[in-house]
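Geometric and topological summary
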Amino acid sequence: MITIQDFIEKFGEQFDDTDISLIKPETEFKALEEWSSLIALSVMAMVDEEYDVSLKGDDIRNSKTLEDLYNIVVSRKRNDQ
Amino acid sequence: MINNPFTLIGKTILVTGASSGIGKATAIECSGMGAKLIITGRDEERLNETFHSLEGEGHKQIVCDLTDTSLLETLVKSLPQIDGCVNNAGVGGKLPIAFIKKDSLQSILDINTIVPVLLTQFLVKNKKLKKGSSMVLTSSISGVYSVDIGNTMYSITKSAVDGFMKNAALELAQKGIRVNSVNPGMVDTPINNLDSFTEEQKLKDVENYPLKRYGKPEDIANGIIYLLSDASSWVTGISLKIDGGYSL
């Protein structure tokens, strides 16, 4: 079962210099200083690897907070089953 | 009749990966230049769509997964002697280095690198390439002229294709066979999965192209036609960059 805590932890692993305590469900992740196109690609690869869900660029763009992104992953996961 | 050195009249040309993208456009444009086509692809329905878009008569279509080596060899043995081969079938694969897995690397290498090498091997061994024939490999600017974040696996396969192309050009010159590659920049085809980018990202990315647009499959097909035709009779071993100026 996917949980937001688990998602945040795996999301946080894509960063090198960002304190994971700064990453919360309400975090506007694209505003994080370290956010980059490589991290965006890494997040997409992580979501594919861990949750078997394919994210598109638009999913990242349309998500403001981490919770928005998490909700997309959860809804895709549910639709798959 | 005006003399046209780019004509393909009287030439039989094999195009792999003809069910979509650059392969599809190449097959159609080559038929427009008068060639007889033998097209292959994995998807029967889409290959048939290409087949019915070809101009003229006497073309053939063969549904085949080229990564199955015994099917590939059987396919080559069934061919008549040909004047040109467009070794085009390929897939993309965007992953940051930290996410590369042996399986994903192996599968992209199989299609993009190993198939072109083995297809050439079977064509040469079975003497299917006529003297004066031309082979064109669809490579990329990626790994040859430029690199991008996340494109490592694809880049590896295409640098290897260009390495192979140069070796084949040297070795097959002795048989009168020319071998070249085309190296496209971003072309609007299914392989690039442009849907995974946002409109905003695309507009920003297009700014990196001095000619202010992505390529069309026909832009690449025209380069391939040049390399297949007698207009390029003294050209072998080149990587023909077609990228709207991206790598400048």
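Everything below is about the structure shown above.
In this report, we go over the structure that sits alongside the text. (Residues numbered from 1 in each chain as written. Chains lettered and ligands numbered in written order. Predicted model: local features only at pLDDT ≥ 70, side-chain atom pairs only at ≥ 80, totals over all residues.)

Moving on to the overall build of chain B. Broken down by element type, chain B carries seven helices and seven strands. By the compact-globule yardstick of 18 Å for 248 residues, chain B fits well, its C-alpha radius of gyration being 17 Å. Viewed in the frame of its principal axes, chain B has a C-alpha envelope of about 45 × 45 × 40 Å. Counting every position in chain B, which comprises 248 residues, the buried fraction comes to 45%. A separation threshold of at least 6 residues defines the contact pool for chain B, and within that pool the share at least 24 residues apart is 73%. (Helix = DSSP H or I, 4+ residues; strand = E, 2+ residues; numbered from the N terminus. Rg over C-alpha atoms; globule rule 2.2 N^0.38 Å. Buried ≥ 20, exposed ≤ 12 C-beta atoms within 10 Å, placed from the backbone. Contact = placed C-beta atoms within 7 Å.)

Quick look at the overall build of chain A now. A tally of regular secondary structure across chain A gives four helices and zero strands. Overall, chain A shows an N-to-C arrangement of helices and strands of α-α-α-α. Here the C-alpha radius of gyration of chain A, 12 Å, is about what a compact globule of 81 residues would show, namely 12 Å. Once the C-alpha set of chain A is aligned to its principal axes, its extents read approximately 35 × 25 × 20 Å. Within chain A, residue pairs in contact and separated by at least 24 positions form 60% of the contacts whose partners lie at least 6 positions apart.

Our next topic: the sheet that holds strand β5 (residues 129-138) of chain B. All names here are of chain B. Here we have seven strands laid out as an open sheet, ordered β3-β2-β1-β4-β5-β6-β7, and parallel in their pairing. Across the chains shown, the open sheet's two edge strands, defined by having one partner strand only, are β3 (60-63) and β7 (239-242). Across the sheet, the axes of successive neighbouring strands diverge by a mean angle of 15 degrees, strand direction being ignored. Looking at chain direction, strand β2 (residues 36-41) and β3 are connected through four bridges and run parallel. Looking at β3, one finds that Gly41 is bridged to Val63. (Pairing = 2+ DSSP bridges. Axes fitted to C-alpha atoms, helices over the stretch in contact; angles between N-to-C directions.)

A word on the interface of chain B and chain A. Chain B puts 13 residues into the contact, and the matching count from chain A is 10 residues. Of the residues belonging to the side of chain B that touches chain A, the class tally is six nonpolar, four polar and three charged. (Nonpolar A, V, L, I, M, F, W, Y, C, P; charged D, E, K, R; others polar.)

Residues and elements named next belong to chain A. For Ser75, the position within the fold is in helix α4 (residues 66-80). Overall, the presence of 11 C-beta atoms within 10 Å leaves Ser75 in the exposed class. Placed 29 residues apart in sequence, Ser75 and Met46 show a C-alpha to C-alpha distance of 17 Å.

Residue and element names in this part refer to chain B. Look at helix α1 (residues 21-32): 17 Å from first C-alpha to last across 12 residues, which is about the 16 Å you get at 1.5 Å a residue. Taken together, the buried positions of α1 are occupied by Gly21, Ile22, Gly23, Lys24, Ala25, Thr26, Ala27, Ile28, Cys30 and Ser31. At the C-terminal side of α1, Gly34 shows a positive phi close to 100 degrees. (Expected span 1.5 Å × (residues − 1).)

With that out of the way, let us pick up the packing of α1(B) against helix α7 (residues 217-228) of chain B. All names here are of chain B. Between α1 and α7, the least distance of the axes is 8 Å, while the angle of their chain directions is 55 degrees. Judged by the inter-axis angle, α1 sits oblique to α7. α1 and α7 meet at a crossing whose hand is right-handed. Touching Gly21, Ile22, Lys24, Ala25, Thr26, Glu29 and Cys30 of α1 are Pro217, Glu218, Ile220, Ala221, Asn222, Ile224, Ile225 and Leu228, all from α7. In terms of residue class, the contact of α1 with α7 is made up of nine nonpolar, three polar and three charged. (Parallel < 35°, antiparallel > 145°, perpendicular 65-115°, else oblique. Left-handed = near helix turned anticlockwise from the far one by under 90°.)

Turning to unusual backbone geometry, a few remarks are in order. One non-glycine residue, A:Asp52, adopts positive backbone phi at about 60 degrees. Within the secondary structure, A:Asp52 is located in the loop between α2 (37-51) and α3 (57-62). Owing to 11 C-beta atoms within 10 Å, A:Asp52 belongs among the exposed residues under this scheme. The phi angle at B:Lys127 is positive, at roughly 50 degrees, despite the residue not being glycine. Tracing the backbone shows B:Lys127 in the loop between α4 (102-125) and β5. Residue B:Lys127 is classed as exposed on the basis of its C-beta count, with 9 C-beta atoms lying within 10 Å.

On to the environment of A:Gln14. All names here are of chain A. Relative to the helices and strands, Gln14 resides in the loop between α1 (4-12) and α2. Spatially, the C-alpha atoms of Gln14 and Ala45 are 10 Å apart, while their sequence positions differ by 31 residues. Excluding its chain neighbours within four sequence positions, the residues that come into contact with Gln14 are Ile39, Ser42, Val43 and Met46.

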